[in-house]
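Structural overview
One letter stands for each residue in the lines below.
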Amino acid sequence: MTSTSPRVSRFYYGWKIVLIVFLTLIVSAAISSFPSVLMQSLEREFGWQREAISGVISVRILLYGLMGPFSAAMLAKFGVRRMMICAIMVMLLSLGLTPLIHAVWQLMLLWGLLGGLSTGMLANVLGVTVANRWFVKHKGFVIGLLTASAATGQLLFLPLLAKITEDAGWRYAVFVIMGALVVLLPIIGIWMRNHPSDVGAAALGTDEVVKPAPFTGSILLTPLSTLRMATRSATFWLLAGTFFFCGFSTNGLIGTHLIPACGDYNIPVVTAAGLLAMMGMFDLVGTTLSGWLSDRFDSRKLLFWYYGLRGLSLIFLPHALGAGYTQLTVFAVFYGLDWIATVPPTAKLASSAFGPEKAGMVFGWIVVMHQLGASLAAYGAGYVRDLLGSYTVPFVTAGFVCLLAAVFALRIQKSRQQAAAA
């Protein structure tokens, strides 16, 4: 590694990188959440069972998670800009062929396989990688902001996509998302950079411009060897276990099934999408604030409160669905503030325990567990709903699981860096 004097600039280029990644993750989040809008339309048009569609979403969520650690390796080897462009091209292929489908296996290929792999490239690992490269100061805040982009994607797109689906059909909603991806391509191609040294800058909070060490490992074997190293640590298993419960109670359950659950109570799809958008608005605040808090307070205690409060809100949800819009609004606000607020403290704990060089891949494997939980919830909730005719059991079960995760969070040991800071 070599070092040179940093270029003096009033505006730190890393904030431009954060904006580009934020916009990209917004659109990726819209694609990830769109199947919940599609579910009832596909049931009506093709006569498919909710269990079958839930199975497609379950596979997409699982592949989204499995891409995480390998995505971190590819970002290191090929560069952030190149991999972002490749992921968007695969998304465009998947979306462009979707209006032609007429069988479940085609939906599985386009939305399960291609959709899972491409959105997995543009996921939490991308945000953590960018934050670790460009920021020492404000790192927790940046992770929180980029994580919150998933909520903002729902805030901006879900009501619009639901309205287009209701008025013009779901195929036109697909074209809207494709248009957003086409706009992103030149923005990434022109202004995205892989590392602060590309613009002669140091990571914010440091004084030296340090070029990154070249990636010399294997894209397949390096993540696996990192996993073997991480599994020797009890901290990894506690972080992975709590994140499994996080996925079980968020995008796999609420992100996938809240709109269909509202449909069971004759709540229109646009209204239900508005509830998710409201959650997105409050999660933008909650997750960004969580990143700020993780720079200042014990992340283990933050996770305890986040999981505990989320569990209580999910136990309340079946009552809210039957009680009316006011109670659902209370749930949306309360749950939204806490939706993915768990990501910044989890990423911060992983970085403290395993170091910034390995944090991306280790966090990628922790995200795999998150998506395993989400995948189980996405399919299991659809199966239980078809079996019992109600989502009450999945929602309440997820609530108690979150309370268990709150207890696990307090079992995480402080790293040496945390202990020294304390």
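Presented here is a report on the structure given in the accompanying data block. (Residues numbered from 1 in each chain as written. Predicted model: local features only at pLDDT ≥ 70, side-chain atom pairs only at ≥ 80, totals over all residues. Heavy atoms only, no water.)

**Regarding the pattern of salt bridges**
Tallied over the full model, the rule gives six salt bridges. Across the pair Arg385 and Asp264 runs a salt bridge, and its minimum N-O distance is 2.8 Å. Note that Arg385 is positioned in helix α15 (residues 356–388) and Asp264 in helix α10 (residues 254–264), a separation of 121 residues in sequence. Each of the salt bridges in this network shares a partner with another, and the network as a whole consists of Asp264, Arg385 and Asp386. (Salt bridge = Lys/Arg side-chain N within 4 Å of Asp/Glu carboxyl O. Helix = DSSP H or I, 4+ residues; strand = E, 2+ residues; numbered from the N terminus.)

**Considerations on the environment of Gly355**
Assignment of secondary structure puts Gly355 in the loop between α14 (343–354) and α15. The exposure class of Gly355 is buried, given its relative accessible area of 14%. The spacing of Gly355 and Ile17 is 338 residues in sequence and 23 Å in space, taken between C-alpha atoms. (Buried < 20%, exposed > 50% of the residue type's maximum accessible area, 1.4 Å probe, protein only.)

**Here's the deal with unusual backbone geometry**
Unlike most non-glycine residues, His138 shows phi in positive territory, near 70 degrees. Of note, His138 is situated in the loop between α5 (124–134) and α6 (139–168). Classification of His138 by relative accessible area gives partly exposed; the value is 34%. In this structure, Asn266 is a non-glycine residue whose phi angle is positive, near 60 degrees. Structurally, Asn266 can be placed in the loop between α10 and α11 (269–294). Its relative accessible area of 72% is what places Asn266 among the exposed residues.

**Things to note about a nonpolar patch on the surface**
On the surface, Tyr379, Tyr383, Leu387, Leu388 and Val393 cluster together to form a nonpolar patch covering roughly 490 Å² of accessible area. It is α15 that provides the largest number of residues to the nonpolar patch, a total of four residues. When you line up the elements, Val393 lands in helix α16 (residues 392–410). (Patch = residues over 30% accessible without salt bridge, like charges linked within 9 Å, V, L, I, M, F, W, Y side chains within 5 Å. Areas by Shrake-Rupley, 256 points an atom, 1.4 Å probe, with all protein chains shown as cover.)

**Observations concerning helix α9 (residues 234–249)**
A rise of 1.5 Å per residue sets the reference length of α9, with its 16 residues, at 22 Å; its end C-alpha atoms lie 23 Å apart and thus fit the reference within 8%. The buried count for α9 comes to 13 of 16 residues, which makes it a mostly enclosed element. N-cap assignment for α9: the residue whose side-chain oxygen lies 3.1 Å from the backbone N of Thr235 is Ser233. (Expected span 1.5 Å × (residues − 1). Polar contact = N/O pair within 3.5 Å; in protein donor to acceptor, adjacent residues only side chain to side chain.)

**A few points about helix α12 (residues 299–323)**
The terminal C-alpha atoms of α12 lie 35 Å apart, and with 25 residues this matches the ideal 36 Å at 1.5 Å per residue to within 8%. Largest kink in α12: about 40 degrees, centred on Leu317, with the proline Pro318 one to four residues after it. The positive-phi residue at the C-terminal boundary of α12 is Gly324, with phi of around 125 degrees. (Bend = angle between axes of the 7 residues up to and from the residue.)

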